[in-house]
Amino acid sequence: DYIHCWLADAANNHCECENCGDRRPADFYVDILNRIDKVMTEKGVDTKIVFLIYMDLMWEPLETKINNKDRFVLMYAPISRTYSKTMAADKPYDPEKLVPYEKNKCKMSKGVAENLARLGKWQEHFDGDSFVYDYHFMWDHFRDPGYYQTAGVLFDDMKNLGKFKLNGMVSCQNQRTYFPTGLGMSGMAYALWNKKGNFDSFAKDYFFKAFGKDGDAVRKYMSTLSDLFDPPYARGERELVNKEAAERFAKIPSVVNKFSEVIDRNIVLGENSEIHPSQMVSWDYLVYHGELAKYLAKVYEYIARGYNDKASEMKEVTLGFARVNEDVLNKVFDVCLFCNTIGRTIDMMTGKEKRPEHL
């Protein structure tokens, strides 16, 4: 029913010869799309073509336009956006302030509203069917060990898609995003069909079903962990050497240790068949999650205190813990991608690796 025609996974890699000149990639792209449509129309093929707004294609065409709008579906893929804000959090970005296109010198914006302004420029050319292709659970969720803030942003984004003329979501993500909980995945599904849903009410219901009578205690615990880890810190949106952040990270082990009493109590109830087996599994995962959270908190605390060498040493301990327990966690947690993502995140925070220039 749908065939996707995408740009390559790269940026600033376009030909600069005299034939290509300064012409935008989007203009070449629309030329190709129109040629595909022409042949398909001649052959009587009614399959839809999905075209992509992504990387250099965030800059709309200037010279060309899509000829047959009924053939195409627009896919908006804001890969550089921050997940510290929801799509509807800020006022609309002034399109006049958008950075002009400069071939092979494009720098992608983290701003959610700025990315949406680029979508708006494309929608001036194409007002047909469209959806978002987004990355909440591709890498960024690892920067929110509580998953609670991530889930809230995702929930709100799904509720508000219609405000931006987006009719659905394709989530570019891990298959295994249920460690410590499946709140985000459940919330994404719920908010896609219930645009009037409330996140806090949904979360309370989710945690009760997943954990039983102490579910709301788990909800508050996860929310606290998200607040203490402060995901914007790991996203590079905070001052790294930061006394306040260091003190916040230092609180995490005691929060985990205190809540372990609740975990242990429910595991005993599970062993005595007093809670549902599926809820018992949920409690078991929290044991491993708490230990990982304590290790990761120590890494960030060292960075916030300016002890980068100690942070690098603790990084290896943290990733080692995840790897050693992969046999237990593999159904709910992509250990390989966690290690790659958090490993590189920490290396960039400690100056051992540079951030990509276009991001």
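## A word on the side chain of Ser226
Note that Ser226 resides in helix H6 (residues 215-229). Here Asp144 takes part through its side chain, which lies 2.5 Å from a polar atom of the side chain of Ser226. When neighbours within four sequence positions are excluded, Ser226 is seen to be in contact with Asp144, Gly146, Tyr147, Tyr148, Gln149 and Pro231.

## Quick word on empty space enclosed by the protein
Under the counting rule described, the total for this entry stands at 3 cavities of 30 Å³ or more. Of the pockets and cavities examined, the largest cavity occupies roughly 120 Å³. Every residue lining the largest cavity is counted, 13 residues in all, and those nearest its centre are Pro145, His289, Leu292, Phe333 and Phe338. It is helix H9 (residues 277-304) that provides the largest number of residues to the lining of the largest cavity, a total of 4 residues. Among the residues making up the lining of the largest cavity, the classes are represented as 10 nonpolar, 2 polar and 1 charged.

## Some remarks on the nonpolar core
Ranked by size, the top nonpolar core spans 112 residues in total, and within it Trp283, Tyr300 and Phe333 carry the most contacts. Broken down by element, the residue count for this core peaks at 13 residues, all from H9. The contacts of Trp283, once residues within four sequence positions are left out, are Phe211, Asp214, Val218, Phe259, Val262, Ile263, Asn266, Ile267 and Ile275.

## Some points on the pattern of salt bridges
Per the counting criterion, the structure on display carries 25 salt bridges. Residues Asp334 and Arg176 are paired through a salt bridge, measuring 3.4 Å at the closest nitrogen-oxygen approach. In this pair, Asp334 is assigned in the loop between helix H11 (326-329) and helix H12 (335-349) and Arg176 in the loop between strand S5 (169-171) and helix H4 (183-193), connecting sequence segments 158 residues apart. For Asp334, a relative accessible area of 15% gives the class buried. For Lys315, the salt bridge goes to Asp347, with nearest N and O atoms at 2.9 Å. Residue Lys315 is located in helix H10 (residues 308-324), and its partner Asp347 is located in helix H12; the two are separated by 32 residues in the primary sequence. Just as Lys315 is buried, Asp347 falls in that class too. Because the salt bridges share partners, they merge into one network encompassing Arg23, Asp31 and Glu63.

Reading guide: rules and limits
- Residues numbered from 1 in each chain as written.
- Predicted model: local features only at pLDDT ≥ 70, side-chain atom pairs only at ≥ 80, totals over all residues.
- Heavy atoms only, no water.
- Helix = DSSP H or I, 4+ residues; strand = E, 2+ residues; numbered from the N terminus.
- Polar contact = N/O pair within 3.5 Å; in protein donor to acceptor, adjacent residues only side chain to side chain.
- Contact = heavy atoms within 4.5 Å.
- 1 Å grid on protein atoms, 1.4 Å probe; cavity = no way out; pocket = protein on both sides within 12 Å on 5 of 7 lines; lining within 4 Å.
- Points joined across faces, edges and corners; volume = space filled by probe spheres on them.
- Nonpolar A, V, L, I, M, F, W, Y, C, P; charged D, E, K, R; others polar.
- Core = buried A, V, L, I, M, F, W, Y, C linked by side-chain atoms within 4.5 Å.
- Buried < 20%, exposed > 50% of the residue type's maximum accessible area, 1.4 Å probe, protein only.
- Salt bridge = Lys/Arg side-chain N within 4 Å of Asp/Glu carboxyl O.

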